[in-house]
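Spelled out, the chains give:
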Amino acid sequence: MTDSAPDGGTAVATKSSIFDGVPEEPGSAKPDSILTVDNLRRSFGGLVAVDVDHLEIQRGVITALIGPNGAGKTTFFNLLTTFDRPDSGTVLFDGEEVTGTPPHKLANKGMVRTFQLTKALSKLTTIENMKLGAGHQRGESIWRGLIPPLWKSQEAEIEARAEALLERFQLAHMRDEFAGTMSGGQRKLLEMARALMTDPKVVMLDEPMAGVNPALTQSLLGHVKSLRDEGISVVFVEHDMDVVRDISDWVVVMAEGQVIAEGPHSSIGSNQRVIDAYLGTHHDSALDFTEDLLGGE
Amino acid sequence: MMFALDMGRVMQETMTQAFGPQAVVFAMAAIGLNIHFGYTGLLNFGHIGFLAAGAYGTAIAITSWSINPLLSIGVGIIFALILALMLGVPTLRLRADYLAIVTIAAAEILRLLARSTALRGVTRGAEGLNEWAGGFQNANPFTGIFEFGPFRYLPMQMAIVVFGWLAVIIVSILVWLLMRSPWGRVLKAIREDEDAARALGKNAYWFKMQALMLGGAVAGFAGFIQAVDKATVQPDTFVPPITFFFWTALILGGAARVFSPVVGAILFWFIIVFSESFLSELVADGTIPDSILASTEVSNVRFLIMGILLMTLMVFRPQGIFGDREEMALDDR
């Protein structure tokens, strides 16, 4: 058990009261939904990759999106972040319809995403990577860019903010190194720190722990929890059940493009539809997370 | 027998051309290509089209619309900007390779249009536009032939050498300023990973469009310089191989460095003219017998030499003269 995680029950307990009275069923209404999905459908040829009738994602908590391979998680994720367009249906972000909004506009509205295959910008230094994340930069206009006095003061503010974040993510020593020289885990940290430079309301993490060594996993988990403690909503796709159990306040399970179950991680494992989705329909024992049945993709 | 060679003449020809009007044109064109490819990662294989737009824009403004020569330069640049827009709108939303395909085709379409009979009234077909450069020649402050050290220029060439290199330096400084601004940072981010830039709130499409237009405008200016140097605009000077000579100059210097296109352009002409001049001498005085290399074949061999040198460079110094090998190697991880 290299991935053994400490009992995350205490951290979760502080937020679980939000979900008191929320029915543990697909599409249940949440007290304060930051992302609301209605009749979202996306097909590739004859294959319906995503077909979600209704889903609400609660503000200020960590929501995990899980499901067996081919469940449509990544496609759903791309639809939520508008990197892909749905055939039909709507996504409301903070009460505003964002379906069809270009991804860069969504980032400026406060939704930022990371990628399954980390996108550290190799030939930019760590600090340049970070500064790129800041929104509404005066020097990003071609004309003003020519005249440094017009953007230098803002650049200094951005740099200070970037340095503070690098410190927090233990990357300060890499400040002036090319991001391409970083290890896989450091790149994940950089991507998360860079996402925070956009000042987001929602952070969408696509398999944040994929390819990260166990020692760094704990540190990354701590950072994800600290996002929630700052009031940022977190949605993440993950395969590792230890991770899901450790940090998620709420779990959404997808299978064959649909949301088949919702609830806290403690009850998801014994949900018959989830067991059927992961193990096939002719199985009758409860799913045991500790045996890591669902992990190890 | 080697001592019979007139090395003085070889060096004069070489140095004169390495810093001459054609090197100015190449430096300016390569700066534009550096903005496209070096900083933004746009694969532009039709760069000569922007020069054609700039050259024809200038000449047409004078011949057809009788515009003041100084303002005609602006028309040339506007032609290049329009070309950039026309290329960018359909292709910049697509993968990088589409721009490469469209640019190479567009440059040829432009050349064939210019030499077509349909546009004869404006472009004068294959014969090209002549007798429009008088305004520039009259404004030339230089008279007589200029000789200093190994350099030797005619008055008009001298004007292009002086004002052209000055313009190259000014444009280089502007590029340097831009590339260290947040604007330049976004371009480099797009070059590395467009989706990452979009996820961080950058309108990748618009930034790529701006880069395409800026590089196109610089290349349009290069086209104007070439037109004034030759005092004529002919469609068949804008053939596809020239685009790849610009690429050669850029890669010699090393992409994504401010002065690499300038040094690359000088080096390109140094190598081309030196090989031709030196080989001609050797053939002429019989050191190389006619059976091995005839004097008429020398001009082809110079490109062969350039190719070998470029390959050698790619093996031993793939980052170019100015590039950083470690930075280059980051791709391989």
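Residues numbered from 1 in each chain as written. Chains lettered and ligands numbered in written order. Predicted model: local features only at pLDDT ≥ 70, side-chain atom pairs only at ≥ 80, totals over all residues.

### What to know about the overall build of chain B
Scanning chain B from N- to C-terminus turns up 15 helices and four strands. Here the C-alpha atoms of chain B give a radius of gyration of 21 Å, agreeing with the 20 Å that 2.2 N^0.38 yields for 333 residues. Structurally, chain B occupies a C-alpha span of about 70 × 55 × 35 Å along its principal axes. By the burial criterion, 52% of the 333 residues in chain B qualify as buried. (Helix = DSSP H or I, 4+ residues; strand = E, 2+ residues; numbered from the N terminus. Rg over C-alpha atoms; globule rule 2.2 N^0.38 Å. Buried ≥ 20, exposed ≤ 12 C-beta atoms within 10 Å, placed from the backbone.)

### Quick notes on the packing of helix α4 (residues 69–91) of chain B against helix α11 (residues 204–230) of chain B
Residues and elements named next belong to chain B. Running from N to C, α4 and α11 point in directions that differ by 140°, and their axes come no closer than 8 Å. In the packing of α4 onto α11, the handedness of the crossing is right-handed. Residues I73, G76, I77, F79, A80, L81, L83, A84, L85, L87 and G88 of α4 form the contact with α11, whose own contacting residues are M209, L212, M213, G216, A217, A219, G220, F221, G223 and F224. Broken down by class, the residue content of the contact of α4 with α11 amounts to 16 nonpolar, five polar and no charged. (Axes fitted to C-alpha atoms, helices over the stretch in contact; angles between N-to-C directions. Left-handed = near helix turned anticlockwise from the far one by under 90°. Contact = placed C-beta atoms within 7 Å. Nonpolar A, V, L, I, M, F, W, Y, C, P; charged D, E, K, R; others polar.)

### Some remarks on the environment of R198(B)
If you trace the backbone, R198(B) turns up in helix α10 (residues 194–199). For R198(B), a count of 24 C-beta atoms within 10 Å gives the class buried. Separated by twelve residues in the primary sequence, R198(B) and V186(B) place their C-alpha atoms 9.9 Å from one another. The residues contacting R198(B), other than those within four sequence positions of it, are P103(A), H104(A) and A204(B).

### Some words on the pairing of strand β8 (residues 233–237) of chain A
Residue and element names in this part refer to chain A. Within β8, five of the five residues are buried, which leaves the element mostly enclosed by the surrounding structure. Where burial is concerned, the two faces of β8 agree: the one with S233, V235 and V237 and the one with V234 and F236 are both buried. Here four bridges tie strand β3 (residues 62–66) to β8, and the two strands are oriented parallel to one another. Within the sheet, the bridge partner assigned to L65 lies in β8 and is V237. Of the pairings in the sheet, the one linking strand β7 (residues 202–206) to β8 comprises five bridges and is parallel in character. Bridge pairing in β8 links V202 to S233. Remark: the β7/helix α8 (residues 214–229)/β8 crossover connection has right-handed handedness. (Pairing = 2+ DSSP bridges. Right-handed = clockwise from strand over helix to strand, strands pointing away.)

### Here's the deal with the interface of chain B and chain A
Between chain B and chain A, the residue contacts involve 26 residues of the former and 29 residues of the latter. Put simply, the parts of the chain that give the side of chain B that touches chain A at least two residues each are α8 (155–179), α9 (182–192) and α10 of chain B. The residue inventory of the side of chain B that touches chain A, partitioned by class, reads eleven nonpolar, five polar and ten charged.

### Focus on the sheet that holds strand β5 (residues 96–97) of chain A
Residue and element names in this part refer to chain A. Pairing is antiparallel across the open sheet formed by four strands, whose spatial order is β2-β1-β4-β5. Looking at the sheet topology across the chains shown, the edges are occupied by β2 (47–58) and β5. Where helix α2 (residues 73–80) meets the sheet, its contacts fall on β1 (33–44), β2 and β4 (88–93), and the angle it forms with β2 comes to roughly 60°.

### What to know about unusual backbone geometry
All names here are of chain B. One non-glycine residue with positive phi stands out, namely S66, at about 50°. With respect to the secondary-structure elements, S66 resides in the loop between α3 (47–63) and α4. Under the C-beta neighbour-count criterion, S66 is labelled exposed, with 9 such atoms within 10 Å. The phi torsion at A256 lies on the positive side, around 65°, for a residue other than glycine. The residue A256 is located in the loop between α12 (240–253) and α13 (260–284) in this model.

### Quick word on the environment of I109(B)
When you line up the elements, I109(B) lands in helix α5 (residues 96–114). The sequence separation of I109(B) and G49(B) amounts to 60 residues, and the corresponding C-alpha distance is 8.9 Å.

### With respect to the sheet that holds strand β10 (residues 258–263) of chain A
Residues and elements named next belong to chain A. Spatial strand order, β6-β7-β8-β3-β9-β10: six strands in an open sheet with mixed pairing. Sheet topology places β6 (111–113) and β10 at the edges, where each strand pairs with a single neighbour. Each neighbouring strand pair of the sheet contributes to a mean axis angle of 20°, computed without reference to strand direction. One ladder, built from five bridges, connects strand β9 (residues 250–255) with β10; its direction is antiparallel. By the bridge assignment, A255 is partnered in β10 with Q258.

### Digging into the pairing of β3(A)
Residues and elements named next belong to chain A. Taken across its five residues, β3 has five buried, putting it largely inside the fold. Every second residue of β3 is oriented toward a common face, with I62, A64 and I66 on one face and T63 and L65 on the other, all of them buried. Strand direction decides the pairing type here: β3 and β9, joined by four bridges, are parallel. Within β9, the residue paired with I66 across the bridge is V253.

### Looking at α2(A)
All names here are of chain A. Summarising burial for α2: seven of the eight residues are buried, a large majority. Those residues of α2 that sit buried are K73, T75, F76, F77, N78, L79 and L80. Among the residues trailing α2, T82 stands out with phi positive, at a value near 60°.

### Thoughts on the confidence of the model for chain B
Scored by pLDDT, chain B comes out at a mean of 89, with 98% of its residues at no less than 70. The ipTM, which scores confidence in the relative placement of chains, is 0.84 for this predicted complex, and the corresponding pTM is 0.88. (pLDDT = per-residue confidence, 0-100.)

### Thoughts on the nonpolar core
Within soluble globular proteins, side chains that are nonpolar tend to cluster in buried spots. Residues and elements named next belong to chain B. If you look at the biggest cluster of nonpolar residues, it comprises 184 residues, and the most contacted ones within it are F26 and M28. If one sorts the elements of this core by residue count, α11 sits on top with 15 residues. With near-sequence residues (within four places) excluded, M28 lies in contact with V168, V171, V218, F221, A222 and I225. (Core = buried A, V, L, I, M, F, W, Y, C linked by C-beta atoms within 7 Å.)

### Side note on the packing of α13(B) against helix α14 (residues 298–316) of chain B
Residues and elements named next belong to chain B. α14 packs onto α13 with a crossing angle of 130° between their chain directions and a minimal axis gap of 9 Å. Overall, the two elements α13 and α14 adopt an arrangement that is oblique. As for the relative orientation of α13 and α14, their crossing is right-handed in sense. Of the residues in α14, those in contact with I271, I272, S275, E276, L279, S280 and V283 of α13 are V298, S299, V301, R302, I305, M306 and L309. Of the residues in the contact of α13 with α14, the class split is nine nonpolar, three polar and two charged. (Parallel < 35°, antiparallel > 145°, perpendicular 65-115°, else oblique.)

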